[in-house]
Amino acid sequence: MRHSLLSMLVVTGLSTLLVPNAAAQVEQKVLGDIKAAVDAVSSAKIEATVRKLVSFGTRHTMSETKSETVGIGAARRWLKQHLETIAEETGGNLKISLERHALGASRRIPNGAEVVNVVATLPGTDPDRWVIVSGHYDSRASRGSDATSDAPGADDDASGTAVVVEAARVLGGLRPRATILFMCVAGEEQGLLGARAHAKMAFDQNRRIEAMFTNDIVGGVLGSSGKREPRRLRLFSEGNPSGPKNDNGRPPKTVVGSDNDATSRQVARYIKARGEAYVDEFEVTLIFRQDRYGRGGDHRAFNDFGYPAVRFTECHENYAWQHQNVRIENGRKMGDLPDNLDYGFVRRVCQTNVSALAEIALAPSSPRQVRVLLGRLTPHTELAWEKNPEKDIAGYGILSRRTHEPTWTHRRVVDASKTTVTLEGFSKDDWLFAVEAIDQQGRRSIPVYPKPSYGRRRR
């Protein structure tokens, strides 16, 4: 079975690799267990979560914590209880916790605060691998310091929180290799506080976070411009890493040969490929910048600690429906209300998340020590990597594309026994490459862009 699958992949990969064609796209295999989870995503359950969160009036980080009906305390207790119910319904594998962080005074929280993330953990069989999906459950009104006014926060960001909760429901019965964290974080509107506290904790514990997705403002399809796009989603990713600084205070090293091939960009390409394969008539648009001008999301906190992290956001934001007190102004209804959302769109966003999350968590780990060998001058490209530790590796995928192309266009598969490959006639000066690991089910790891390895150069 393994050899027949591998033979098919090798033949297909070679035929696409050796016929350069800018219009070609690497084929994404649709896997049955992942497709079942994608199809199970429910727009009705997503809407119910959004409306329940809105019912708490305000979820400002500094709002009421004792009430059972109003404020962020009531919201987080409901989220915890709801996720505990999901855990029971999905076999008990999910572990639900409140992750508390005591933070000192800052400009937006002058007296300090306790920020509480609600986390559902799905343990993986490999304790060294982590993948995270998040949305922030706090909200705000027009003034960022207003902790009492009605702040429904339906789009920003009950929509993203509902994506996380629904992803936990459809993936809760999974038996993944990598641990999945479904995180509902607080303090985003005060400076990414909950996300930053978790990212620092993970960094201090030396956790290997392979990918972090944040969903922030993912419910609307009608923008302030009047444009409406229910079949397209933006995905933001940084290029050269923004952090952390090294011991001498200098910024992190750039990616040699291509600032479009840092780890966050690889995650973004991976998500686009899976999302468009599993979700019918839905486009994921890669936005090659960290975030929108003057704006920020929780993925940035993870980027600052050197983790690959990306942000989902709707295509056309409506600014009358964000960070606004609920009111009528010049005959126009202002405020972030649940009736503004398109729940079919949020379902497609969630399905996109689920398709990529599931494959990353089920797939083998990414190859390590991936190198492009530069010890001698040659018109060919020589790549090398370390053998994966997993016993069910079927082979390694060699991905390539022209330097101006945003996504992988060619793919070749080599046998699991191989740790080197020579791509004859493919100049490393004209092409970009990456290596992925593939298991016997056809599940692919996140690709790894090669680092240059010079060794002794021949002249």
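The structure this text deals with has already been given above.
Residues numbered from 1 in each chain as written. Predicted model: local features only at pLDDT ≥ 70, side-chain atom pairs only at ≥ 80, totals over all residues. Heavy atoms only, no water.

### Some remarks on the sheet that holds strand β12 (residues 381-384)
Strand order in the open sheet formed by four strands is β15-β12-β11-β17, and the pairing between neighbours is mixed. One side of each edge strand has no neighbouring strand; the edge strands of this open sheet are β15 (420-423) and β17 (451-453). For this sheet, the mean angle separating the axes of adjacent strands, direction not counted, is 30°. For strand β11 (residues 371-373) and β17, the ladder comprises three bridges, and the chain directions are parallel. Paired with L373 across the two strands is S453, which belongs to β17. (Pairing = 2+ DSSP bridges. Helix = DSSP H or I, 4+ residues; strand = E, 2+ residues; numbered from the N terminus. Axes fitted to C-alpha atoms, helices over the stretch in contact; angles between N-to-C directions.)

### Brief notes about the environment of D304
With respect to the secondary-structure elements, D304 resides in the loop between α8 (299-303) and β8 (309-314). Residue classification places D304 among the partly exposed residues on the basis of a relative accessible area of 31%. Contacts of D304, omitting those with residues within four sequence positions, involve R196, S242, G243 and P244. Within the structure, D304 has its side chain in polar contact with the side chain of R196 (distance 3.0 Å). (Buried < 20%, exposed > 50% of the residue type's maximum accessible area, 1.4 Å probe, protein only. Contact = heavy atoms within 4.5 Å. Polar contact = N/O pair within 3.5 Å; in protein donor to acceptor, adjacent residues only side chain to side chain.)

### Quick look at the packing of helix α2 (residues 32-39) against helix α9 (residues 343-362)
At a minimum axis distance of 9 Å, the contact between α2 and α9 shows a crossing angle of 155°. Considering their axes alone, α2 and α9 lie roughly antiparallel with respect to each other. Handedness of the α2/α9 crossing: right-handed. Contacts from D33, I34, A37, V38 and D39 of α2 reach α9 at R347, Q351, V354, S355, A358, E359 and L362. Among the residues forming the contact of α2 with α9, the class breakdown is six nonpolar, two polar and four charged. (Parallel < 35°, antiparallel > 145°, perpendicular 65-115°, else oblique. Left-handed = near helix turned anticlockwise from the far one by under 90°. Nonpolar A, V, L, I, M, F, W, Y, C, P; charged D, E, K, R; others polar.)

### Some words on empty space enclosed by the protein
On inspection of all chains with the given rule, the structure shows one cavity of 30 Å³ or more. Here the largest cavity defines a volume of roughly 30 Å³. Lining the largest cavity are E238, P241, T263, S264, N303, G306, Y307 and P308. Residues of the lining of the largest cavity, tallied by class, amount to three nonpolar, four polar and one charged. (1 Å grid on protein atoms, 1.4 Å probe; cavity = no way out; pocket = protein on both sides within 12 Å on 5 of 7 lines; lining within 4 Å. Points joined across faces, edges and corners; volume = space filled by probe spheres on them.)

### A closer look at helix α3 (residues 43-54)
Its 12 residues place the ends of α3 17 Å apart at the C-alpha level, agreeing with the 16 Å of an ideal helix rising 1.5 Å per residue. Turning to α3, its buried residues are I46, T49, V50, L53 and V54. Taken end-on, α3 shows its buried residues confined to a sector of 135°, consistent with a single buried face. With a side-chain oxygen positioned 3.3 Å from the backbone nitrogen of A44, the residue opening α3 is S42. (Expected span 1.5 Å × (residues − 1). Arc of directions from axis to C-beta.)

### Quick look at the nonpolar core
Nonpolar side chains in soluble globular proteins tend to end up buried together. Counting 78 residues, the largest nonpolar core has L94, Y137, L171, F182, F213 and V354 as its most contacted members. Sorting elements by how many residues they give to this core places α9 first, with 12 residues. (Core = buried A, V, L, I, M, F, W, Y, C linked by side-chain atoms within 4.5 Å.)

### A few points about the state of the cysteines
Scanning all chains against the criterion turns up zero disulfides. Free cysteine C184: the closest other cysteine sulfur is in C350, separated by 12 Å. Exposure remark for C184: the relative accessible area of 0% places this residue in the buried category. (Disulfide = S-S within 2.5 Å.)

### Points about the layout of surface pockets
The computed volume of the largest pocket comes to approximately 1400 Å³. Lining the largest pocket are 36 residues, and of these T263, G306, P308, V448 and K451 lie nearest its centre. Broken down by secondary-structure element, the contributors of at least two residues to the lining of the largest pocket are β5 (209-215), α7 (263-278) and β17. In terms of residue count, α7 provides more of the lining of the largest pocket than any other element does, three residues in total. Per-class residue counts for the lining of the largest pocket are 20 nonpolar, eight polar and eight charged.

### Considering the sheet that holds strand β13 (residues 393-402)
Strand order in the open sheet formed by three strands is β14-β13-β16, with antiparallel pairing between adjacent strands. On the outer flanks of this sheet lie β14 (410-415) and β16 (431-439), each paired with one strand and no other. Between one strand axis and the next, the sheet turns by 25° as a mean value, whatever way the strands run. By the bridge criterion, nine bridges tie β13 to β16 in an arrangement that is antiparallel. For R402, the partnering residue across the bridge sits in β16 and is W431.

### Concerning unusual backbone geometry
D157 follows D156 through a cis peptide bond whose omega is 10°. The omega torsion across G243 and P244 is -5°, close enough to zero to call that bond cis. Its place among the elements puts P244 in the loop between β6 (232-237) and α7. Positioned with a positive phi, I217 is a non-glycine residue whose angle comes to about 70°. Tracing the chain through its elements places I217 in the loop between β5 and β6. With phi around 50°, E281 is a residue other than glycine that occupies positive phi space. The topology assignment puts E281 in the loop between α7 and β7 (283-287).

Interpretation in functional terms is not warranted from these geometric data alone.
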